[in-house]
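# Breakdown of the fold
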Amino acid sequence: GSLLTAADLHKAYGPTVALDGAEFSIHPGEVVAVMGPSGSGKSTLLHCLAGIVPPDSGSIRYNGQEMAGMSDTQRSALRRSEFGFVFQFGQLVPELTCVENVALPLRLNGTPRKAAERAALSWMERLEVDGLGRKRPGEVSGGQGQRVAVARALVTDPRVIFADEPTGALDSLNGERVMELLTEAARTTGAAVVLVTHEARVAAYSDREIVVRDGRSRDMERAV
Ligand code: ADP
Ligand code: ADP
């Protein structure tokens, strides 16, 4: 069955309608691209699905459980244990080294430092940035920083990775490498990926596309 489903989502910011009946579903291990023009509601949809922004109305279920019925504590526990996040600008903590950044989600879950950094380094190897462990985010390139951010998203073995324009700040070569590594890592761990992008070349890494227009979403079945 579906891992994450949303039905009839509505969300307005004052007079601005961001979501106007959006739908969504994703199965375990699937990579779904959420596409659409700027301002169409993609980020809002992703933030609702991830339990970060509450919709005004509509249903969002994770593993059959209604998110609106959860307490804030339950929702943040869900985010920490089941979800991973990658944003357009890595959003790494500048004061921490790269390995400390990758280890951070495990540390927040209570994993001891040594074990957390061991797991972090093993993910950094898979993302081909293990040589950067002691550097700080300000000392690595954009493409390297984004691979560090992907390692951080994967380190807790999440079931869903939310990626909002993960290649938006990269040149096309680095962007493609990040997408290759992200989708390969997702396939080996069985994580699903919700990928927000406006670039067809990035969406080409997905199994399925959902197009958002004026806050409404449409499922585009793609013959593979
Ligand atoms: P996209 O990701 O497709 O660019 P967004 O979901 O960011 O679209 O935005 C959808 C609409 O909602 C836009 O008109 C945007 O300006 C508006 N919007 C999004 N977030 C906010 C917010 N926090 N406050 C006010 N308006 C917002
Ligand atoms: P994207 O590049 O993914 O479309 P945006 O630049 O539209 O993202 O928005 C980034 C963040 O800023 C969103 O999470 C949204 O909540 C917030 N935001 C977007 N539009 C507005 C707005 N008009 N007023 C306030 N916050 C906004």
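As a starting point, this report considers the structure included with it. All figures in this text were calculated on a predicted structure; none of them were measured in a lab.

Attention shifts here to the overall build of the protein. When you go through the protein residue by residue, the secondary structure sums to seven helices and ten strands. In summary, the protein has a C-alpha radius of gyration of 17 Å against a globular reference of 17 Å for 224 residues, a match within 12%. For the protein, the spread of C-alpha atoms along the principal axes amounts to about 45 × 40 × 35 Å. Evaluated residue by residue, the protein yields a buried proportion of 49% over its 224 residues. Counting only contacts in the protein whose residues sit at least 6 apart along the sequence, the fraction spanning at least 24 positions is 70%.

A few words on the site of ligand 2. Taken together, the neighbourhood of ligand 2 is formed by Ser43, His47 and Asp164. Within the side chain of Ser43, an N or O atom sits 2.6 Å from an oxygen atom of ligand 2. For ligand 2, whose unbound accessible area comes to 550 Å², protein coverage reaches 26%.

Between helix α3 (residues 98–108) and helix α5 (residues 142–154), the shortest axis-to-axis distance is 7 Å and the interhelical angle comes to 25°. In terms of axis orientation, α3 runs roughly parallel to α5. Taken as a pair, α3 and α5 cross one another with a handedness that is right-handed. For the pair formed by α3 and α5, the contact residues are Cys98, Asn101, Val102 and Pro105 on the first element and Val148, Ala151 and Arg152 on the second. A breakdown of the residues in the contact of α3 with α5 according to their chemical character gives five nonpolar, one polar and one charged.

In terms of burial, strand β7 (residues 160–164) is largely enclosed, as five of its five residues are buried. Side-chain alternation along β7 places Val160, Phe162 and Asp164 on one buried face and Ile161 and Ala163 on a second face that is also buried. The sheet contact formed by strand β6 (residues 83–86) and β7 spans four bridges and is parallel. Opposite Gly84, over in β7, you have Ile161 as the bridge partner. Sheet analysis places β7 next to strand β8 (residues 192–196), joined by five bridges and oriented parallel. Note on β8: the bridge partner recorded for Val160 is Ala192. Viewed along the sheet, the connection from β7 through helix α6 (residues 172–189) into β8 turns out right-handed.

The local shell around ligand 1 consists of Tyr13, Thr16, Ala18, Pro37, Ser38, Gly39, Ser40, Gly41, Lys42, Ser43 and Thr44. In the environment of ligand 1, an oxygen atom lies 2.9 Å from a nitrogen or oxygen atom belonging to the side chain of Lys42. Contacts to ligand 1 include Thr44, whose side-chain N or O atom sits 2.6 Å from an oxygen atom. For ligand 1, whose accessible area on its own is 560 Å², the fraction buried by protein is 59%. Elements supplying a minimum of two residues to the shell around ligand 1: β2 (16–26) and α1 (42–49). No other element matches the three residues that α1 contributes to the shell around ligand 1. Among the residues making up the shell around ligand 1, the classes are represented as three nonpolar, seven polar and one charged.

Right, let's get into the sheet that holds strand β5 (residues 65–66). The sheet built from four strands is open, its strands ordered β2-β1-β4-β5 with antiparallel pairing. With partners counted over all chains shown, the strands left at the sheet margins are β2 and β5, one partner each. Here strand β1 (residues 4–13) pairs with strand β4 (residues 57–62) via five bridges, running antiparallel. The residue of β4 that forms the bridge with Ala7 is Ser59. Contacting β1, β2 and β4, α1 crosses the sheet at an angle of about 55° to β2.

Cut-off values and rules
Residues numbered from 1 in each chain as written. Chains lettered and ligands numbered in written order. Predicted model: local features only at pLDDT ≥ 70, side-chain atom pairs only at ≥ 80, totals over all residues. Heavy atoms only, no water. Helix = DSSP H or I, 4+ residues; strand = E, 2+ residues; numbered from the N terminus. Rg over C-alpha atoms; globule rule 2.2 N^0.38 Å. Buried < 20%, exposed > 50% of the residue type's maximum accessible area, 1.4 Å probe, protein only. Contact = heavy atoms within 4.5 Å. Near = heavy atom within 4 Å. Polar contact = N/O pair within 3.5 Å; in protein donor to acceptor, adjacent residues only side chain to side chain. Areas by Shrake-Rupley, 256 points an atom, 1.4 Å probe, with all protein chains shown as cover. Axes fitted to C-alpha atoms, helices over the stretch in contact; angles between N-to-C directions. Parallel < 35°, antiparallel > 145°, perpendicular 65-115°, else oblique. Left-handed = near helix turned anticlockwise from the far one by under 90°. Nonpolar A, V, L, I, M, F, W, Y, C, P; charged D, E, K, R; others polar. Pairing = 2+ DSSP bridges. Right-handed = clockwise from strand over helix to strand, strands pointing away.

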